[in-house]
Amino acid sequence: MEQKEITWFVVCFQYIKAFYNESWQRRHEHPIDPDTLTLLWSVTVSIFAIGGLVGTLMVKMIGKVLGRKRTLLANNGFAISAALLMACSLQAGAFEMLIVGRFIMGINGGIALSVLPMYLSEISPKQIRGSLGQVTAIFICIGVFTGQLLGLPELLGKIWFYTNSIFGNAGIPPANIPYVTLSTGGVETLAAIFSSLVIERLGRRPLLIGGFGLMALFFGTLTITLTLQDRAHWVPYLSIVCILAIIASFCSGPGGIPFILTGEFFQQSQRPAAFIIAGTVNWLSNFAVGLLFPFIQKSLDTYCFLVFATICISGASYLYFVLPETKNRTHAEISQAFSKRNKAYPPEEKIDSAVTDDKTNGRPEQDSSTLDNYVKNRIV
């Protein structure tokens, strides 16, 4: 949430800042206040997450009427409308159109990031369920890379806020920075593809926990290199390496695997509600990051990334103790793994005791297919 986190807004801050200043000056005949500009920028970034939340909440209602496939097709209407609004905002001189376009694009993202992983989970054999589930993350990364390739070089968000200043401090000519920034999109795409190739061998659990752990490590290292980047000419190069490492760590695990797990944990009838809850948490978190990050950065400066390092450590620790491995397992087997981890009464033992009682009372023993159905129906 990926996501990810603010991963879509591939727009140069200086251009947006100039556009907001010009529009404000034309209307009010005085320059915009810096704090107001920061607030407008935060709203512009974070409104995408609010749209994602709205789209997530719409999934169950639309899915009942249209089904999974037609919902994905109809969702393109939101994307087209948002693109037209944002494209015309400059000519109209209305930054509100940009903000509304971001909101509608968020609706598109919320629907897509709920329905597509759900659909892929339902049509995939368990042997390749993880690899196909990573298709969502792969195409998000390809979209980001394409945006960079088309000449929109900067990514503003948790990781990419410092990218251009770091590249500039490393001695890269300003005219070449947009081309170097392409490396972030390339690393994203390669990491997501790598994850899809190894997820059925390594499993979900190592990639997810390892990804969070490596992110925490490189967030901490990035904080050190940003703080000391004026001490030696080679320090900014370490910052570049840290940025690329954080992106790779995120896209190889935490970026896409949660969507796979949501589909694996629940039966088909329960998945829409599960994706609504997961999507709500995801988009609310994205909204909080998008709205608060500029203020956190202004207050903590280079130490702002320690906040994210702490969150990553907490997430890795929680998943280590709670998350079972779901690789190549059925829903019944995953449910039993959760029961063992949570010290609950495994469904199999309940079934065995029920069969024993039937024998004691002289009732006929249930056949194996009935027991299998009982196990599946017991999954929560």
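For the structure itself, consult the block above.
Residues numbered from 1 in each chain as written. Predicted model: local features only at pLDDT ≥ 70, side-chain atom pairs only at ≥ 80, totals over all residues. Heavy atoms only, no water.

For residues that are not glycine, phi is negative in most cases, and the peptide bond is trans in most cases. Positive phi outside glycine occurs at glutamate 29, with the angle close to 60°. You can see glutamate 29 is positioned in the loop between helix H1 (13–28) and helix H2 (34–74). In this structure glutamate 29 comes out as exposed when scored by relative accessible area, which is 69%. Phi is positive for aspartate 301, which is not a glycine, with a value near 55°. Look at aspartate 301 and you get partly exposed, because its relative accessible area is 42%. (Helix = DSSP H or I, 4+ residues; strand = E, 2+ residues; numbered from the N terminus. Buried < 20%, exposed > 50% of the residue type's maximum accessible area, 1.4 Å probe, protein only.)

Taken together, the side chains of Leu300, Tyr303, Leu306, Val307 and Ile311 define a hydrophobic patch exposed on the protein surface, amounting to about 430 Å² of accessible area. Of all the elements, helix H13 (residues 305–322) adds the most residues to the nonpolar patch, at three residues. By secondary structure assignment, the location of tyrosine 303 is in the loop between helix H12 (271–300) and H13. (Patch = residues over 30% accessible without salt bridge, like charges linked within 9 Å, V, L, I, M, F, W, Y side chains within 5 Å. Areas by Shrake-Rupley, 256 points an atom, 1.4 Å probe, with all protein chains shown as cover. Salt bridge = Lys/Arg side-chain N within 4 Å of Asp/Glu carboxyl O.)

Moving on, we get to the nonpolar core. Core analysis: the largest hydrophobic core is formed by 23 residues, its most contacted members being Tyr20, Leu40, Phe95, Ile99 and Trp283. Among the elements that take part in this core, H2 stands out by supplying eight residues, more than any other. One finds Ala191, Ile246, Phe250 and Ala309 within the second-largest nonpolar core, a separate group that totals 22 residues. (Core = buried A, V, L, I, M, F, W, Y, C linked by side-chain atoms within 4.5 Å.)

On to the packing of helix H9 (residues 204–227) against helix H10 (residues 235–252), then. Direction vectors running N to C along H9 and H10 enclose 160°, while the axes themselves pass 8 Å from each other. Comparing the axis directions of H9 and H10 gives the class roughly antiparallel. Read as a crossing pair, H9 and H10 show a hand that is left-handed. Seen from H9, the contacting residues are Leu207, Gly211, Leu214, Met215, Phe218, Phe219, Thr221, Leu222, Thr225 and Leu226; seen from H10, they are Val235, Leu238, Ser239, Cys242, Ile243, Ala245, Ile246, Ser249, Phe250 and Ser252. The residue inventory of the contact of H9 with H10, partitioned by class, reads 14 nonpolar, six polar and no charged. (Axes fitted to C-alpha atoms, helices over the stretch in contact; angles between N-to-C directions. Parallel < 35°, antiparallel > 145°, perpendicular 65-115°, else oblique. Left-handed = near helix turned anticlockwise from the far one by under 90°. Contact = heavy atoms within 4.5 Å. Nonpolar A, V, L, I, M, F, W, Y, C, P; charged D, E, K, R; others polar.)

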